[in-house]
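Examination of the molecular architecture
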There are 2 protein chains.
Amino acid sequence: MDRGAGVALWRQIAERLRADIAAGVYPHNARLPSEAELAGRFKVNRHTVRRAIGALAEENILRADRGRGTFVASRPIDYPIGRRTRFSEIVSRQKRQPGGRLVASSEEGADILVAEKLGIAPGSRVIRLETLSAVDGVPLTRATSWFPAERFPGLVAAYAETGSITKALERHGIADYTRLETRISARVAGADDAEHLSLPPGAVVLVSEAVNIDAEGNPIQFARARFAGDRVQIVVES
Amino acid sequence: MDRGAGVALWRQIAERLRADIAAGVYPHNARLPSEAELAGRFKVNRHTVRRAIGALAEENILRADRGRGTFVASRPIDYPIGRRTRFSEIVSRQKRQPGGRLVASSEEGADILVAEKLGIAPGSRVIRLETLSAVDGVPLTRATSWFPAERFPGLVAAYAETGSITKALERHGIADYTRLETRISARVAGADDAEHLSLPPGAVVLVSEAVNIDAEGNPIQFARARFAGDRVQIVVES
DNA sequence: GATTATTTGTCCGTATGTATA
DNA sequence: ATATACATACGGACAAATAAT
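Residues numbered from 1 in each chain as written. Chains lettered and ligands numbered in written order. Predicted model: local features only at pLDDT ≥ 70, side-chain atom pairs only at ≥ 80, totals over all residues. Heavy atoms only, no water.

**Observations regarding the protein's contact with DNA strand D**
All names here are of chain B. Note the threshold: Put simply, a residue is near a molecule or strand once any heavy atom of it comes within 4 Å of that molecule or strand. Polar contact criterion, stated in full: a pair of N or O atoms within 3.5 Å, where within protein one must be able to donate a hydrogen and the other to accept it, and residues adjacent in sequence count only if both atoms are side-chain atoms. The way it works is that DSSP assigns letters per residue, a run of H or I at least four long becomes a helix, a run of E at least two long becomes a strand, and they are numbered from the N terminus. When residues are grouped by polarity, Ala, Val, Leu, Ile, Met, Phe, Trp, Tyr, Cys and Pro land in nonpolar, Asp, Glu, Lys and Arg in charged, and all others, Gly among them, in polar.
Taken together, R3, A8, L9, W10, V44, N45, H47, T48, R51, R66, G67 and R68 make up the full set of residues adjacent to DNA strand D. In the interface set of DNA strand D, defined as its atoms within 4 Å of the protein, sugar plus phosphate atoms amount to 75%. Within the side chain of H47, one N or O atom sits 2.5 Å away from a base oxygen of DNA strand D. One nitrogen or oxygen atom from the side chain of R51 is found 2.4 Å from a phosphate oxygen belonging to DNA strand D. Looking at the surface near DNA strand D, the elements that each hand over two or more residues are α1 (9-23) and α3 (46-58). No other element matches the three residues that α3 contributes to the surface near DNA strand D. Class assignment of the residues belonging to the surface near DNA strand D gives a composition of four nonpolar, four polar and four charged.

**What to know about the protein's contact with DNA strand C**
Residues and elements named next belong to chain B. As a matter of local geometry, DNA strand C sits amid R31, S34, E35, R46, H47, R50, A64, D65, R66, G67, G69 and T70. Of all atoms in DNA strand C that approach within 4 Å of the protein, 63% are sugar or phosphate atoms. Between DNA strand C and E35, the relevant distance is 2.8 Å, taken from a phosphate oxygen to a main-chain nitrogen or oxygen of the residue. In this structure, a phosphate oxygen belonging to DNA strand C sits 3.5 Å away from a main-chain N or O atom of A64. For the surface near DNA strand C, the secondary structure elements donating two or more residues are α3, β1 (62-65) and β2 (69-72). Tallying contributions element by element places α3 first for the surface near DNA strand C, with three residues. In the surface near DNA strand C, the residues fall into one nonpolar, five polar and six charged.

**Remarks on the sheet that holds strand β8 (residues 204-214) of chain B**
Our working definition: Two strands qualify as a pair provided DSSP detects at least 2 bridges between them. Angles run from 0 to 180 degrees between N-to-C directions of axes, and those axes are lines fitted to C-alpha atoms, restricted for helices to the stretch in contact. For this analysis, residues touch if any pair of their heavy atoms sits within 4.5 Å.
Strand order in the open sheet formed by eight strands is β3(A)-β10(A)-β7(B)-β8(B)-β9(B)-β6(B)-β5(B)-β4(B), and the pairing between neighbours is mixed. Each end of this open sheet is capped by a strand with a single partner; those strands are β3 (77-81) of chain A together with β4 (98-109) of chain B. Sheet twist, expressed as the average angle between the axes of neighbouring strands with direction ignored, equals 20°. In this structure, β3 of chain A lies alongside strand β10 (residues 232-237) of chain A, joined through five bridges in parallel fashion. Considered in β10 of chain A, the bridge of D78 of chain A is made with Q233 of chain A. Contacts from helix α6 (residues 155-162) of chain B reach β4, β5 (125-135) and β6 (138-148) of chain B, with the element oriented near 5° to β5 of chain B.

**A look at the nonpolar core**
Here is the rule we go by: Buried residues of nine kinds, namely Ala, Val, Leu, Ile, Met, Phe, Trp, Tyr and Cys, make up a nonpolar core once their side-chain atoms join them within 4.5 Å. The buried label goes to any residue with under 20% of its type's maximum accessible area, the exposed label to any with over 50%, and the partly exposed label to all in between, with areas taken from a 1.4 Å probe on protein chains only.
Grouped together as the largest cluster of nonpolar side chains are 36 residues, with contacts concentrated most on I184 and L206 of chain A together with I184 and L206 of chain B. When sequence neighbours within four positions are dropped, the list of residues in contact with I184 of chain B reads I184, L206, Q233, I234 and V236 of chain A together with I81, L206, V207 and I234 of chain B. Within the second largest apolar cluster, 18 residues are counted, among which are W10, V49, I53 and V72 of chain A.

**Regarding the interface of chain B and chain A**
Heads up, the rule is: Two parts placed together each lose some accessible area; with a 1.4 Å probe, that loss summed over both constitutes the buried area. A side-chain nitrogen of Lys or Arg and a carboxyl oxygen of Asp or Glu constitute a salt bridge if their distance falls within 4 Å.
Taken together, the 32 residues of chain B in the interface contact 33 residues of chain A. The junction of chain B with chain A conceals about 2,700 Å² of combined surface from both sides, 51% of it contributed by carbon and sulfur atoms. When the buried area of chain B at its contact with chain A is split by residue, R183, V236 and S238 of chain B rank highest and sum to 22% of it. When the shortest N-O distance is used, the salt bridge between R183 of chain A and D78 of chain B registers 2.4 Å. At the boundary of chain B and chain A, one finds eight residue pairs in polar contact (both at pLDDT 80 or more). Only β3 (77-81), β7 (177-188), β8 and β10 (232-237) of chain B provide two or more residues apiece to the side of chain B that touches chain A. Looking at the side of chain B that touches chain A, the element that brings in the most residues is β7 of chain B, giving 10 residues. Across the side of chain B that touches chain A, the residue classes break down as 14 nonpolar, nine polar and nine charged. Note that strand β7 (residues 177-188) of chain A and β10 of chain B share four bridges and pair antiparallel.

**Topic: the relation of the copies chain B and chain A**
For clarity, the threshold we go by: When the copies are superposed, the least-squares fit draws on C-alpha atoms of residues that have pLDDT of at least 70 in both.
Overlaying chain B with chain A gives an RMSD of 0.5 Å, the required rotation being 180° about an axis along which the chain moves by 0.2 Å. These values place the two chain copies in the arrangement generated by a two-fold rotation axis. A share of 100% of the interface residues of chain B reappears at the interface of chain A, consistent with the copies meeting face to face through the same patch.

Structure representation (structure tokens):
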């Protein structure tokens, strides 16, 4: 390292590590050499290496686990949002394995927000589907979906069987549907979401609220999906 | 409250409060009566009211501050993302007052990510602008922007004077620019962002990484903006 | 600056109804 | 029928943060 170059040693080390990670020297989820090992290589004190690692951990590029080591954060999956947003397609396109399972379901009266989004009267019967979707076996998103109950009588069974909203809707004559609007916010994961998504307490979820409409423009689904914040990056092309 | 109606008391109270908020009995940012007061009105124990408030707080409808009271959450500002995303326009359109100020700036060599996004060689000179944008005086987003240095020599001064990226770019002959791609993720706010955005420790930020291009399609800006998670809702129309 | 009142947060507990094995 | 677990509802005491005096 260049001592006295006007750039702090720990910054130089951080940038070197960042470059190595970007270049693939340390792949995603790989373990970095121990702090002592790195200190030896860079010929600096271990604390200088720690400062560099701390800076990269703050950016969520590294993840330091006491007693285990320091790891390169796993690359978040790209989740493009557009007119035709389909979980299975998005995941498959990235050569990963999609999966979905039913957590719970119920039939209930639509509250104000759901009614507005589905364009029905408050109190109308709606089917609520609680689902968990995974990528390569790792849970990615926990979603709550509402559908007009009269139009989709066998929806729960169809989803439980196929693990796919798209396929379940196909069985009810919905050959195609498109996304009208997506609203994105973020918050700390609730206890239930944290458990289903295997997140530590205090972890962050990206919340996506979306309305899907059929070919005639009628709303058929309102969904509130909670994505594990560090496992996804939502992409909007404009 | 209807005891023994098959619905737990705290749920009934929560739904009553939710309805009152929706109806405008308690406007945004208004203070609710104290827990003791509400317990008296509903003729239940204070803990039962707390349970109801807790449920609504989990949904970010209420916000309870120890020693101050319980408040209706302020409605998050809608932040539509599209080809022509302009902070000032978005805020003004919602009849609110936009503001921007320069936090810091520097000229530096582009790192790998910035170079790739701006379509230049790593190490090329770039201007880095650290800005803070507010709505009605409340800080909303803390952004870091990079611009090719040779093309925008007086950019820092222009932004410091106008408080607007759009206006600063106009002075450099950019009559119009459009957004190419936006990548959205979420994480816990770092110490610096938390301070500038007046966020409590552990609060959540929405991170938006975006590339803007000029009329000829050349990248002119790469920006990483951190939005206070509970003060904004990003809207994607498709 | 110190004091006090107000308000929410966190404990301790008791009792009861409901669902389940 | 019995036992167990769980959610609900209530009561009280105190801590911690805030606002007003």
